[in-house]
Amino acid sequence: MNIIISNSNDQPIYNQIKEQIKEQILRGELAEKTTLPSIRKLAKDLQISVITTKRAYDELEKEGFIETFPGKGSFVASQNHELLKEKQLKLIEEKLSEIIEHSKAFNINVDELMQMLKLLYEE
Amino acid sequence: MKQLLLKDLYTQRLFGFLFPLIFIMPFYSISLNGANYIVVYVTYVAIWLSIYSNFGTAASNRLGLKLLSSLPVTRKKLVQGKYCAAFMWWGISLISYGTIASLILISTNNILGWGTILSLVLSLCLAFIIISVFYPLYFLFNYQVAAGITMVIPALAFFGMTFSTVMYDENSLPLQWELFLIENLLFYFLFILVSMLITFASYRLSVAIFEKKDL
Amino acid sequence: MENIMEVNGVSKGLKDFQLSNLSFDFKKGYIMGLIGPNGAGKSTLIRCLMDLAKIDSGEIKLFGMTHQENTKDIKQRIGFVYDESHFYEEFSLEKNKRIIAPFYKHWDDETFYSYTKKFHLPLKMKLKHLSKGMKMKFAIAVALAHHPELIILDEPTAGLDPVFRRELLDILLEIIQDDKKSVFFSTHITTDLEQVADFITFMNNGEIIFSKEKDAIFEDYKIVKGPSELAGEIQSLNPVGMRKTDVSIEALITDVHNVAPLLPQGVQLERPTLEDIMYYTVKGITS
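All values reported here derive from a predicted model rather than from experimental measurement.

Q: Could you give an account of the overall build of chain A, naming the residues involved and the relevant values?
A: What chain A contains, in helices and strands, is 5 helices and 2 strands. Scanning chain A from its N terminus toward the C terminus, one meets helices and strands in the order α-α-α-β-β-α-α. For chain A, the C-alpha radius of gyration of 17 Å lies well beyond 14 Å, the compact-globule estimate for 123 residues. Along the first, second and third principal axes, the C-alpha atoms of chain A reach 55 × 35 × 25 Å. A burial count over chain A gives 22% of its 123 residues as buried. If you take every contact in chain A between residues at least 6 apart in sequence, the share linking residues at least 24 apart comes to 54%.

Q: Describe the UniProt feature "domain: HTH gntR-type" (unreviewed entry) in chain A, listing the residues and the values that go with them.
A: Residues annotated in UniProt with the feature "domain: HTH gntR-type" (unreviewed entry) correspond here to residues 11–79 of chain A. In residues 11–79 of chain A, helix accounts for 51% and strand for 12%; the two terminal C-alpha atoms are 27 Å from one another.

Q: If you had to explain the interface of chain B and chain C to someone new, which residues and values would you point to?
A: If you look at the interface, chain B gives 18 residues, while chain C gives 21 residues. If you list the elements that add at least two residues to the side of chain B that touches chain C, you get α1 (2–11) and α4 (58–70) of chain B. The greatest single-element share of the side of chain B that touches chain C, amounting to 6 residues, is contributed by α4(B). Partitioning the side of chain B that touches chain C into residue classes produces 8 nonpolar, 6 polar and 4 charged.

Q: Tell me what's going on with the packing of helix α5 (residues 75–108) of chain B against helix α9 (residues 185–212) of chain B, and back it up with residues and numbers.
A: All names here are of chain B. With their axes 9 Å apart at the nearest point, α5 and α9 run at an angle of 140° to one another. Regarding the angle of α5 to α9, the classification is oblique. Here α5 runs over α9; the crossing is right-handed. Seen from α5, the contacting residues are R75, K76, V79 and Y83; seen from α9, they are Y203, S206, V207, F210 and E211. Residues of the contact of α5 with α9, tallied by class, amount to 5 nonpolar, 1 polar and 3 charged.

Q: Could you give me a rundown of the UniProt feature "transmembrane region" (unreviewed entry) in chain B, with the residues and numbers involved?
A: Residues and elements named next belong to chain B. Per the UniProt annotation, the sites labelled "transmembrane region" (unreviewed entry) are residues 12–32, 38–63, 83–106, 112–138, 145–165 and 185–203. Secondary structure content for residues 38–63 is 81% helix and 0% strand, and the end C-alpha separation is 37 Å. Between the end C-alpha atoms of residues 185–203 there is a gap of 27 Å, over a span that is 100% helix and 0% strand.

Q: With reference to specific residues and values, describe the domain arrangement of chain A.
A: Each assigned domain of chain A is listed here: domain 1 (13–76) and domain 2 (81–122). Its C-alpha centre places domain 1 of chain A at a distance of 27 Å from the equivalent point of domain 2 of chain A.

Q: Account for the environment of Q235(C), naming residues and giving values.
A: All names here are of chain C. Position of Q235 relative to the elements: it lies in helix α9 (residues 231–235). Once the C-alpha coordinates of Q235 and A251 are considered, the two residues, 16 residues apart in sequence, prove to be 8.5 Å apart. In this structure, Q235 is in contact with M242 and I285, ignoring residues within four places of it in sequence.

Q: How would you summarise helix α2 (residues 67–76) of chain C if you had to cite specific residues and measurements?
A: Residues separated by three or four positions in an α-helix point in the same direction, a consequence of the helix having 3.6 residues per turn. Where α2(C) is concerned, the buried positions are H67(C), T71(C), I74(C) and K75(C). The arc that holds the buried residues of α2(C), viewed along the axis, is 90°, so those residues lie on one side. Where α2(C) is buried, its residues touch α4 of chain B together with β4 (57–62) and β5 (78–81) of chain C.

Q: Give me the pairing of β5(C): which residues, what numbers.
A: Residue and element names in this part refer to chain C. On β5, burial covers both faces: I78 and F80 on one face and G79 and V81 on the other are all buried. Sheet topology places β5 next to strand β6 (residues 150–154); 4 bridges connect them, and they run parallel. Paired with G79 across the two strands is I151, which belongs to β6.

Q: Please set out the sheet that holds β4(C) residue by residue, giving values where relevant.
A: Residue and element names in this part refer to chain C. Spatially, β2-β1-β4 is the arrangement adopted by the 3 strands of the open sheet, whose pairing is antiparallel. Every other strand in the sheet has two partners, leaving β2 (17–27) and β4 as the edge strands with one partner each. Ignoring which end each strand starts from, the neighbouring axes of this sheet average 15° apart. Note: strand β1 (residues 3–14) against β4, 5 bridges, orientation antiparallel. Pairing of M5 across the sheet is with L62, part of β4. The strands touched by helix α1 (residues 42–49) within the sheet are β1, β2 and β4, with β1 carrying the most contacts at an inclination of about 115°.

Q: Can you break down the interface of chain C and chain A residue by residue, with the values?
A: At the junction of the two partners, chain C supplies 18 residues and chain A supplies 14 residues. Here the element with the most residues in the side of chain C that touches chain A is helix α6 (residues 162–175) of chain C; it accounts for 4 residues.

Q: An account of the sheet that holds strand β12 (residues 249–253) of chain C is requested, with residue identities and associated values reported.
A: Residues and elements named next belong to chain C. Taken in spatial order, the 5 strands line up as β13-β10-β12-β11-β14 in an open sheet, and their pairing is mixed. Lying at the two open borders of the sheet, with one neighbouring strand each, are β13 (268–270) and β14 (285–286). Strand direction decides the pairing type here: strand β10 (residues 222–226) and β12, joined by 5 bridges, are antiparallel. Bridge assignment links K225 to a residue of β12, and that residue is E250.

Q: Give me the lowdown on the pairing of strand β3 (residues 31–35) of chain C, citing residues and values where you can.
A: Residues and elements named next belong to chain C. Of all 5 residues in β3, 5 are buried, a share of seventy percent or more. Burial of β3 is two-sided: the residues I31, G33 and I35 facing one way and the residues M32 and L34 facing the other way are all buried. With 4 bridges connecting them, β3 and strand β7 (residues 182–186) associate as parallel partners. Within the sheet, the bridge partner assigned to M32 lies in β7 and is F184. Both β3 and strand β8 (residues 199–204) contribute to a ladder of 4 bridges, which runs parallel. Paired with L34 across the bridge in β8 is T201.

Calculation criteria
Residues numbered from 1 in each chain as written. Chains lettered and ligands numbered in written order. Predicted model: local features only at pLDDT ≥ 70, side-chain atom pairs only at ≥ 80, totals over all residues. Helix = DSSP H or I, 4+ residues; strand = E, 2+ residues; numbered from the N terminus. Rg over C-alpha atoms; globule rule 2.2 N^0.38 Å. Buried ≥ 20, exposed ≤ 12 C-beta atoms within 10 Å, placed from the backbone. Contact = placed C-beta atoms within 7 Å. UniProt positions renumbered as here; feature names shortened; annotations may be inferred. Nonpolar A, V, L, I, M, F, W, Y, C, P; charged D, E, K, R; others polar. Axes fitted to C-alpha atoms, helices over the stretch in contact; angles between N-to-C directions. Parallel < 35°, antiparallel > 145°, perpendicular 65-115°, else oblique. Left-handed = near helix turned anticlockwise from the far one by under 90°. Domains from an automatic or database assignment. Arc of directions from axis to C-beta. Pairing = 2+ DSSP bridges.

This is the structure we're talking about:
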């Protein structure tokens, strides 16, 4: 597991942790049942506060990405394949809508965007 | 309590231990004249060691008390430690007298007097009376004020005694003094009682002062 | 969750200064930072927590106990580091240790020497020959050597170089790997706390401005930046503080949830630093 915290990022730190773990789970880099570092250990490794780390884990648990067993620690939750696909699609959707927003701001129309996407995808 | 006494023993400066040696010189010559000065020596050195163990600038004393009060020990215990340390210093003073007396016996064959048990008790009482003056002042103000006021008393007494020995016939005064004491067991008893009362009152006063103090 | 520290309505009058009606709690297993400008009363509060200064009214509970009843037990479980060296300057570190160690039931020489080794402390040297940073390291080694449950540090990073400051943060985080242990420290170098503190207590003028979870603070406060023409509009929203120059304004707003929608067009919102929050709270509106 890799987490890189950026101070220049405007996102709160707990969110950065959450997003990065989520992404690694969706990409399959963190397999099911993988043990995650304890909240306190992760806080120490990242030199951040315990509560911040705890919040990231809490939200990941709420969204069903990880499971926490008191006294045992936190693990990557076993993902239902359809659910996983759905989550993956949702991630792509989020990223795409970000791109669309930028495109609109720069006056790039759908056709141009599609063309660019196709070109990049086939590369 | 052991830690507190150990701390006082550790923090006593070398000068504190050496000073009595300077003091022994005039005392030695007088003592050889037959007078029994063990009381003066033991008392004075005990007081000196007790008071000097608190030596320090106002700032270093404040920091020292701040440190001790932050350690797991009550303020009452700290004060108790100081009064108990006075016992320890008196004992050390007695031992140093014994050592010096033996050294002198070995090297010059001169015998220094050992005094009586009663005269030693008198010495202990005297030391505690003086220390009873010192500690309330120490906890209320600081080392400088307390030592300044307290050290004057035994110094005056000592010089007064030396002075009177020179003024009067050399042996008559101590002899009178000893006769007076032997004949007045009641006086002894009262003196011990009074010194105990003074010490106890002083201890309670020191605790009351120190427990309210902001460090 | 259990509170390791409870301060309820504590007041303390000093010659020309006053702590008034301080109240906050601190949960076990976390790091709390005490911030505030010089003279805010941070050191006085710490002296009250250690029972060095006697409080006039209110109540301080540590591990659920008060100093009146259990000061000895409390202090067995606290490791303290003060802003000035309070050990015996004339003696070597080793001798200082020999004086202090017997006071603690759980003193652990092995731990002590592991820290002195880690910090490269010369044990035989007299304390007075050490630099301020070295003295601080010695105090930290002593404070940690009896396995305290609560470590109280008064301005521990003052006088320390950035390298050791980072190391210290690591040590503090290492301590709370055991979730029964807690760290309480005061500082005016807020960047230290921005990273590791779970809770922040902010003092100014002998009063507590807030005592909260750090993440909540950053959600509650925002920096607003905008052109100077908008000064009036922003001021009408009652910012905590504002700094107006000829070319721009910068303001700190609180209660972001309700206030942000009312902000005029053309301003930028940014995440404040603790220093921003401290600065604007102390200074208020300046121009």
